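# Analysis of the macromolecular model
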Amino acid sequence: MMDLSIGDLSRRVAVKLPTIRYYEQIGLLPAPPRTEGRQRRYGPEDVSRLRFIRHARDLGFEVEAIRELLSLSARPDQPCEPADEIVLRHLQSVERRLAQLTLLRSELRHMLEDCRHGPVRECRIIQVLANHDECRYEHGKVG
C-alpha cells in the first residue's frame, strides 16, 4: 500500500501542490484521508487519477470535460460513446482555434511584408493597428 504526502504525490506525478489542492477543492480529486497531524495521505488510486487529470489537461481538456471523463471511467462497463462525444467536441474546438491562428499568422505576415522599414510615421504595422478596417483578422474572422 502506498502512503504518500502531498509533496510526494506532487513529485511523482509532476503536478504542483496548489494545483493538487485546487483539484481537491473543485472535486476532481477526492479529499484524502489525513493523519492525526492533519497531513494529507494519498494512495495508488490518487496517483492514477491525478495522472489521468494531468494528461487530460496537457491535451487541453477543460475541467468539466475531465469531470465527465472521470465519471465515465468509474463505470467501465458502460458504452464509450459519451467519451467519443467529449473528444469530438474538444477536437472541433481545437480545429476552430487552429483556423483562427492560421488567419492570425497570415495577417501578421501580411503586416510584415507591407512594412517598408522607414520611420514610425510611415510604418505600415502601426497604420494597420491604428485602423482596424485594414485588418483582415478579427478574432478569428476574416474582416
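Residue positions are given per chain, counted from 1 along the sequence in the order it is written. Reporting in this predicted model follows two pLDDT cut-offs: at least 70 for local features of residues, and 80 or more for side-chain atom pairs to be given and counted; totals over whole chains, interfaces and linings ignore these cut-offs and use all residues. In computing side-chain values, all of the structure's heavy atoms are included and hydrogens and water are not.

Let's shift gears to the overall build of the chain. By the criteria applied, helices consist of DSSP H or I runs no shorter than four residues and strands consist of E runs no shorter than two, each listed in order from the N terminus. Helices and strands together make up the secondary structure of the chain, namely six helices and two strands. Mapped in sequence order, the helices and strands of the chain form the string α-α-α-α-α-α-β-β. Relative to the compact-globule value of 15 Å for 143 residues, the chain shows a C-alpha radius of gyration of 23 Å, a clear excess of over 25%. C-alpha extents for the chain along the principal axes are approximately 70 × 40 × 20 Å. Relative accessibility under 20% of the residue-type maximum defines a buried residue, over 50% an exposed one, and the middle range a partly exposed one, all with a 1.4 Å probe and only protein chains included. Within the chain, the proportion of its 143 residues that are buried is 29%. Residue contacts are defined here by distance: any two heavy atoms, one from each residue, within 4.5 Å place the two residues in contact. At a minimum sequence separation of 6, the contacts of the chain that also span at least 24 residues come to 46%. Radius of gyration here is computed from C-alpha atoms only, and the compact-globule reference equals 2.2 Å multiplied by the residue count raised to the power 0.38.

A few words on the packing of aromatic side chains. Centres within 6.5 Å make a pair out of two Phe, Tyr or Trp rings, where for Trp the six-membered ring is used; the pair is then stacked when the planes are under 30 degrees apart, edge-to-face when over 60, and tilted otherwise. This model, assessed by the stated rule, comprises one aromatic pair. Note on Tyr22 and Tyr23: the rings are 6.0 Å apart at their centroids and 50 degrees apart in plane angle, and the pair reads as tilted. Of the residues examined, Tyr22 reaches a relative accessible area of 40% and is grouped as partly exposed. By relative accessible area, which is 7% here, Tyr23 ends up buried.

Here we come to the pattern of salt bridges. When a carboxyl oxygen of Asp or Glu lies within 4 Å of a side-chain nitrogen of Lys or Arg, that pair is called a salt bridge. Counted according to the given criterion, the structure contains six salt bridges. Salt-bridge contacts for Arg11 lead to Asp8; the nearest nitrogen and oxygen are separated by 2.8 Å. Taken together, the residues span about one helical turn, with Arg11 and Asp8 both in helix 1 (residues 6-13) at a distance of three residues. Given the relative accessible area of 30%, Asp8 is considered partly exposed. Of the charged contacts in the structure, one is a salt bridge between Arg40 and Glu24, with a shortest N-O distance of 2.9 Å. Placement of the pair is Arg40 in the loop between helix 2 (17-25) and helix 3 (44-58) and Glu24 in helix 2, with a sequence separation of 16 residues. Across the pair, Glu24 and Arg40 agree in class, each one buried.

What follows concerns the packing of helix 4 (residues 63-73) against helix 5 (residues 81-114). Helix axes use the C-alpha atoms of the stretch in contact, all axes being lines fitted to C-alpha atoms, and the angles between their N-to-C directions lie in the range 0 to 180 degrees. Contact pair helix 4 / helix 5: the axes reach a minimum separation of 10 Å and the direction vectors enclose 160 degrees. Comparing the axis directions of helix 4 and helix 5 gives the class roughly antiparallel. Crossing handedness for the pair helix 4 and helix 5: left-handed. For the pair helix 4 and helix 5, contact is made by Ala65, Glu68, Leu69 and Leu72 and by Pro82, Ala83, Ile86 and Arg89, respectively. For classification purposes, an angle smaller than 35 degrees is called roughly parallel, one larger than 145 roughly antiparallel, one from 65 to 115 roughly perpendicular, and anything else oblique. The crossing is said to be left-handed when, going from far helix to near helix, the turn is anticlockwise and less than a right angle, and right-handed when the turn is clockwise.

For the largest pocket, the calculated volume is near 190 Å³. Throughout, the protein atoms alone are placed on a 1 Å grid, and a set of points is a cavity if a 1.4 Å probe fits but cannot get out or a pocket if it is open with protein on both sides within 12 Å along at least five of seven lines; lining residues have an atom within 4 Å of a point. Taken together, 15 residues line the largest pocket, and the ones lying closest to its centre are Phe52, Leu69, Leu72, Ser73 and Ala83. Of all the elements in the fold, those that place two or more residues in the lining of the largest pocket are helix 3, helix 4 and helix 5. Three classes are used: nonpolar for Ala, Val, Leu, Ile, Met, Phe, Trp, Tyr, Cys and Pro, charged for Asp, Glu, Lys and Arg, and polar for all others, with Gly counted as polar. Residue classes in the lining of the largest pocket are distributed as 11 nonpolar, three polar and one charged. Grid points are joined across faces, edges and corners, and a volume is the space filled by probe spheres set on the points.

Attention now goes to helix 2. Where helix 2 is concerned, the buried positions are Ile20, Tyr23 and Glu24. Buried residues in helix 2, looked at end-on, bunch into an arc of 100 degrees, giving them a common side. Exposed residues pointing more than 90 degrees away from the buried face of helix 2 are listed as Pro18 and Gln25. Close packing links the buried residues of helix 2 with helix 1 and helix 3. Here the arc refers to the set of directions running from the helix axis out to each C-beta atom.

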